[in-house]
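Chain by chain, the residues:
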Amino acid sequence: MMKHKFTKVGRNDPCPCGSGQKYKKCCLVKTDNAPGRVKAEYAQKYGIRLKTPADIEKIRSAGNLVIGLLDAVEEMVRPGITTEDINRLVHDHTVDRHATPAPLNYRGFPKSVCTSLNEVICHGIPGDQVLKDGDIINVDVTPILDGVYADGSKTFFVGTPGPDAEKIVRVARKSLHIGMSMVQPGNTVGDIGWAIQQYAEGEGCSVVREFVGHGVGFGFHEPPQVPHFGRKGEGIVLVPGMVFTVEPMINHGKKELIILEDKWTAVTKDGSLSAQFEQTVVVTENGLESLTPFEL
């Protein structure tokens, strides 16, 4: 993972785009700069492709499909179904809406959705696993609609949760909320991870290091990487037009993980529960907009 370390830019500091103006008079408020210097600066320096209003509208449409898929899964989840049942539902709903499930055949991934059960952190492969009362399951969906991607996930209770399940899902949900609260022009990528880490570890949980948020829209995974841990004020400065995911993976126990023999499924090393919530967000002139909004 590449790590960028920069000092946080204040409102009255010189703009990082090199214009010579104060940040508050330049990139902080000028979304129109994206087609010009800021767009070129971020593309050249970081490989980040800032999105235009038209791009964002298309991603928002794909995001609406994400929400529809997660709502359909939530209605379906109950003891007795299999993770393959979830895969079939997501695949069929995606195709019926003239979209493509991005996970299918992505780097060899064999299914249309990731289903991560209990101690599975992420990238669980749907199959014949039967959901049982008291389980938790994260379902991560990414459709491609009209050529653009949107990404989102939720962790669901299966039947009646136990106290550990209730806690980890609560902490993971709030971790996303807290991380998103740091998304605004002039803040940094490090601010997001710092806020999540401070909260989750304060609750006695841990933050997974190996998997991070990422740019999304024109591709499945784009720059920047968005760690869910870090130091305040470090990392790339957020500017309007950046679109990326915030998707903290929170463990009830320790942060260490193991990748199973299928080379996809990541599980907690200590067997503890893991939960995740994810939304795709865009940095706006005044803060952020979620392009895959659901209540936190």
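What counts and what doesn't
- Residues numbered from 1 in each chain as written.
- Predicted model: local features only at pLDDT ≥ 70, side-chain atom pairs only at ≥ 80, totals over all residues.
- Heavy atoms only, no water.
- Salt bridge = Lys/Arg side-chain N within 4 Å of Asp/Glu carboxyl O.
- Helix = DSSP H or I, 4+ residues; strand = E, 2+ residues; numbered from the N terminus.
- Buried < 20%, exposed > 50% of the residue type's maximum accessible area, 1.4 Å probe, protein only.
- Pairing = 2+ DSSP bridges.
- Contact = heavy atoms within 4.5 Å.
- Axes fitted to C-alpha atoms, helices over the stretch in contact; angles between N-to-C directions.
- Phe/Tyr/Trp six-rings, centres within 6.5 Å; stacked < 30°, edge-to-face > 60°.
- Lys NZ or Arg CZ within 6 Å of the ring centre and 35° of its normal.

S.K.: Outline the pattern of salt bridges, listing residues and values.
M.R.: Applying the stated criterion to the full structure yields 13 salt bridges. With a shortest N-O distance of 2.7 Å, Glu222 and Lys51 are connected by a salt bridge. Linking Glu222 in strand 10 (residues 222-226) with Lys51 in the loop between helix 1 (37-46) and helix 2 (53-76), this pair joins segments that are 171 residues apart in sequence. The residue Arg209 makes a salt bridge to Glu201 at a minimum N-O spacing of 3.8 Å. Residue class for Glu201 comes out partly exposed when judged on its relative accessible area of 38%. When salt bridges with common partners are traced through the structure, they connect Arg49, Lys51 and Glu222 into a single cluster.

S.K.: Provide a residue-level description of the sheet that holds strand 1 (residues 100-101), including the pertinent values.
M.R.: The antiparallel open sheet is built from three strands, whose spatial order is 1-5-6. On the outer flanks of this sheet lie strand 1 and strand 6 (148-149), each paired with one strand and no other. Both strand 1 and strand 5 (residues 143-145) contribute to a ladder of two bridges, which runs antiparallel. Across the sheet, the residue bridging to Thr100 is Ile144, located in strand 5. The strands that helix 2 touches are strand 5 and strand 6; relative to strand 5, the one it contacts most, it runs at about 140 degrees.

S.K.: For the packing of aromatic side chains, give the residues involved together with the corresponding values.
M.R.: According to the stated counting rule, one finds five aromatic pairs in the structure shown. Aromatic side chains Tyr106 and Phe220 sit 4.7 Å apart centroid to centroid with 55 degrees between the ring planes, which places their arrangement in the tilted category. Of the two residues, Tyr106 is situated in the loop between strand 1 and strand 2 (114-117) and Phe220 in the loop between strand 9 (213-215) and strand 10; the sequence distance between them amounts to 114 residues. Here the guanidinium or amino end of Lys51 rests over the ring plane of Phe218, the centre of that ring lying 4.6 Å away. Just above the ring of Phe229 sits the side chain of Arg209; from NZ or CZ to the centre is 4.7 Å.

S.K.: Hey, could you go over the environment of Gly147 for me, with residue numbers and the actual values?
M.R.: Of note, Gly147 is situated in the loop between strand 5 and strand 6. You can call Gly147 exposed: its relative accessible area is 52%. Separated by 85 residues in sequence, Gly147 and Ala62 have C-alpha atoms that sit 9.3 Å apart. When near neighbours in sequence (up to four residues on either side) are disregarded, Gly147 contacts Gly217 and Phe218.

S.K.: Describe the sheet that holds strand 13 (residues 257-259), and please don't skip the residues or the numbers.
M.R.: Reading across the sheet, the three strands line up as 3-14-13 and stay open at both edges, with antiparallel pairing between neighbours. This sheet does not close on itself; its edge strands, each paired only once, are strand 3 (120-122) and strand 13. Between one strand axis and the next, the sheet turns by 40 degrees as a mean value, whatever way the strands run. With three bridges connecting them, strand 13 and strand 14 (residues 266-268) associate as antiparallel partners. Bridged to Ile259 within strand 14 is Ala266.

S.K.: Can you break down the pairing of strand 16 (residues 279-283) residue by residue, with the values?
M.R.: Buried residues dominate strand 16, accounting for five of its five residues. Neither face of strand 16 is exposed, since Gln279, Val281 and Val283 on one face and Thr280 and Val282 on the opposite face are all buried. Two elements, strand 16 and strand 17 (residues 288-290), share three bridges in a ladder whose sense is antiparallel. Paired with Val282 across the two strands is Glu289, which belongs to strand 17. Where strand 16 folds back onto strand 17 in an antiparallel hairpin, the turn is made up of four residues.

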